[in-house]
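Analysis of the macromolecular model
If you want the building blocks of each chain, they are given just below.
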Amino acid sequence: ININWGYHGDHGPDKWSELEPICATGEEESPIALETNETISAELPDLEMKGYDKHPKEYLMQNNGHTLVVSLKDSILPSVRKGGLRSEYIFRQMHFHWGETSEEGSEHVINGKRYPMEIHLVHYNKKYGSVPKAVSHRDGLEVLAVFVEISDEANQVFEKMLSNLEQLISSNSAVTLPGDSFVLADFLPIDKNFYRYHGSLTTPGCNQAVFWTIFSEPITMSEDQIDQFRRLLDHENHPMSGNFRPLQRLYGREILRSF
Ligand code: GRE
Ligand code: ZN
């Protein structure tokens, strides 16, 4: 995929279809607005997460020009299954979407509310072996989406994550973090109630390959902490903030809830 896309102006979301027609024509695109009372209560089993509490040797953090990406530098393979999923999905990377101000930033909208940030934990279906292979299958990816709300208290997990952010300000930069800094489970809410629907990547090529799991309870960080994210620069040396895709139409899709 061409790196020549962004969120504003000439390369913004309404131009993405010049790279990938499906971005405009797809009928299972993401993100969407969800209204709890229009979702279907499905009594889905709990999600089963393996390795979410394990420390890797190191974390790799990268500014890829579109977002901040966190991945693991060794062979622990956290995974998720159950929760109504028909397969096991292996963790690949975690990344972030956020706003210029805390009035917006999340991609999904719940009961009319936009959160200041949304975290995506991207997993690929074990039977396809990698993200690039998985994106051409309807059941290729599982993304856990976690909303972030602002609180007065700094979140110690993000404090560690953000400690080297200076070195990630420009596009195409990377740093490593010690493996004992945090675990993936630290980025999940305690209450694991979730919504589930079928949709797409929210970046080009917009592949309709994602079973979305959207936790209803947010986690928190302080305004100072989200301001750290807002200092990052994108591939055009512009502020990266506002890296969320506009809402997409539902086209009659059903949205389940686990509660
Ligand atoms: C993204 O780039 O934002 C993305 C992925 C994979 C799955 C979902 C998603 O890279 O939103
Ligand atoms: Zn994303």
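In the block above lies the structure referred to throughout.
The following paragraphs examine the structure supplied in this document. The shown structure was predicted, so the numbers you read here are calculated from the model rather than taken from an experiment. (Residues numbered from 1 in each chain as written. Chains lettered and ligands numbered in written order. Predicted model: local features only at pLDDT ≥ 70, side-chain atom pairs only at ≥ 80, totals over all residues. Heavy atoms only, no water.)

A word on the overall build of the protein. Looking only at helices and strands, one finds four helices and 15 strands in the protein. Expressed along its principal axes, the backbone C-alpha trace of the protein runs to roughly 45 × 40 × 40 Å. Within the protein, the fraction of its 259 residues that count as buried is 52%. For the protein, long-range pairs separated by at least 24 residues make up 73% of all intrachain contacts whose partners lie at least 6 apart in sequence. For the protein, the exposed surface amounts to about 11800 Å²; the carbon and sulfur share of it is 46%. Where the 24 positive side-chain charges of the protein centre and where its 38 negative ones centre are 9 Å apart. (Helix = DSSP H or I, 4+ residues; strand = E, 2+ residues; numbered from the N terminus. Buried < 20%, exposed > 50% of the residue type's maximum accessible area, 1.4 Å probe, protein only. Contact = heavy atoms within 4.5 Å. Areas by Shrake-Rupley, 256 points an atom, 1.4 Å probe, with all protein chains shown as cover. Lys, Arg positive; Asp, Glu negative; His and termini not counted. Charge placed at Lys NZ, Arg CZ, Asp CG, Glu CD.)

Our next topic: the packing of aromatic side chains. Counting across every chain of the model gives ten aromatic pairs. Aromatic pair Trp5 and Trp16: ring centres 5.4 Å apart, planes at 80°, arrangement edge-to-face. With a gap of eleven residues between them, Trp5 in the segment before helix H1 (22-25) and Trp16 in the segment before H1 connect regions that are remote in the sequence. An identical accessibility class is assigned to Trp5 and Trp16; each is buried. In this structure Trp16 comes out as buried when scored by relative accessible area, which is 0%. (Phe/Tyr/Trp six-rings, centres within 6.5 Å; stacked < 30°, edge-to-face > 60°.)

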